[in-house]
Amino acid sequence: MQCTLDWQGPEGMLFISRTGSGHVLAMDGAPDGGGQNLAPRPMETLLSGAGGCAAYDVVLILKRGRHKLTACRVTLTAERAAQDPKVFTRIHYAFQLTGHALPRPAVERAVQLSHEKYCSAIAMLEKTAEISHSIEIIEA
């Protein structure tokens, strides 16, 4: 896996990342840090990636189980250390899954498998952060 980041010039802190899979991602800083607030912060991008990693696992597991999932939303809430490096110290994943007659045990198992076995992002982040989750199932 590879990506290349290019700083977009002396007027700010905008960076453009080009990924090995051929995609582009922008990141910027807050105005008080020299940025222009044009894109997500790098740590927001990291948190989003961690959410995407877990959501991907959960959706794939439920689809493979032939469950009738129609929507998946994950809201992540994180706390960071007060001192540099300001690592994540707590991350809560709030899963909201919508579908037709989704069995709670299957959903709980999918989330558990993601958190304990498949999600690489969680495996890394749990070295510094307490990871928790909640599940809400909505009938479609």
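Values in this document were obtained by computation on a predicted structure and should not be read as measured data. (Residues numbered from 1 in each chain as written. Predicted model: local features only at pLDDT ≥ 70, side-chain atom pairs only at ≥ 80, totals over all residues. Heavy atoms only, no water.)

**What about the packing of helix α1 (residues 42-64) against helix α2 (residues 104-118)?**
Put simply, α1 and α2 touch, their axes get as near as 9 Å, and they point 135° apart. With respect to their mutual orientation, α1 and α2 come out oblique. As α1 packs across α2, the resulting crossing turns out to be right-handed. Contacts between α1 and α2 involve A54, D57, V58, I61 and L62 from the former and A106, V107, A110, V111, L113, S114 and Y118 from the latter. (Axes fitted to C-alpha atoms, helices over the stretch in contact; angles between N-to-C directions. Helix = DSSP H or I, 4+ residues; strand = E, 2+ residues; numbered from the N terminus. Parallel < 35°, antiparallel > 145°, perpendicular 65-115°, else oblique. Left-handed = near helix turned anticlockwise from the far one by under 90°. Contact = heavy atoms within 4.5 Å.)

**Here we look at α2**
The end-to-end C-alpha distance of α2 is 20 Å, a good match for the 21 Å that 15 residues give at a rise of 1.5 Å each. Within the span of α2, buried status applies to A106, V107, A110, V111, L113, S114 and H115. (Expected span 1.5 Å × (residues − 1). Buried < 20%, exposed > 50% of the residue type's maximum accessible area, 1.4 Å probe, protein only.)

**Some words on the sheet that holds strand β4 (residues 68-80)**
Strands sit in the order β4-β5-β6 across an open sheet of three strands; the sheet is mixed. On the outer flanks of this sheet lie β4 and β6 (130-139), each paired with one strand and no other. With direction set aside, neighbouring strand axes in the sheet form an average angle of 15°. Where β4 and strand β5 (residues 88-100) come together, 12 bridges link them in antiparallel fashion. Looking at β5, one finds that T75 is bridged to A94. Along the sheet, α1 makes contact with β4 and β5, crossing β5 at roughly 35°. Here α2 sits on the sheet in contact with β5 and β6, set at roughly 150° to β6. (Pairing = 2+ DSSP bridges.)

**Here we look at the layout of surface pockets**
Empty space within the largest pocket amounts to approximately 320 Å³. Of all the secondary-structure elements, those providing two or more residues to the lining of the largest pocket are α1 and α3 (120-125). When residues in the lining of the largest pocket are grouped by element, the largest group, six residues, is from α1. In terms of lining residues, the second largest pocket is bounded by 13 residues, among which M1, C3, S17, T19 and L25 are the most central. No other element matches strand β3 (residues 24-27), which puts three residues into the lining of the second largest pocket. Taken together, the residues of the lining of the second largest pocket break down into six nonpolar, seven polar and no charged. (1 Å grid on protein atoms, 1.4 Å probe; cavity = no way out; pocket = protein on both sides within 12 Å on 5 of 7 lines; lining within 4 Å. Points joined across faces, edges and corners; volume = space filled by probe spheres on them. Nonpolar A, V, L, I, M, F, W, Y, C, P; charged D, E, K, R; others polar.)

**With respect to the pattern of salt bridges**
Taken as a whole and judged by the stated rule, the model has two salt bridges. Here R104 ties to E108 by a salt bridge, and the two come within 2.9 Å at their closest N and O atoms. Taken together, the residues R104 and E108, both in helix α2 and four residues apart, mark about one turn of the helix. (Salt bridge = Lys/Arg side-chain N within 4 Å of Asp/Glu carboxyl O.)

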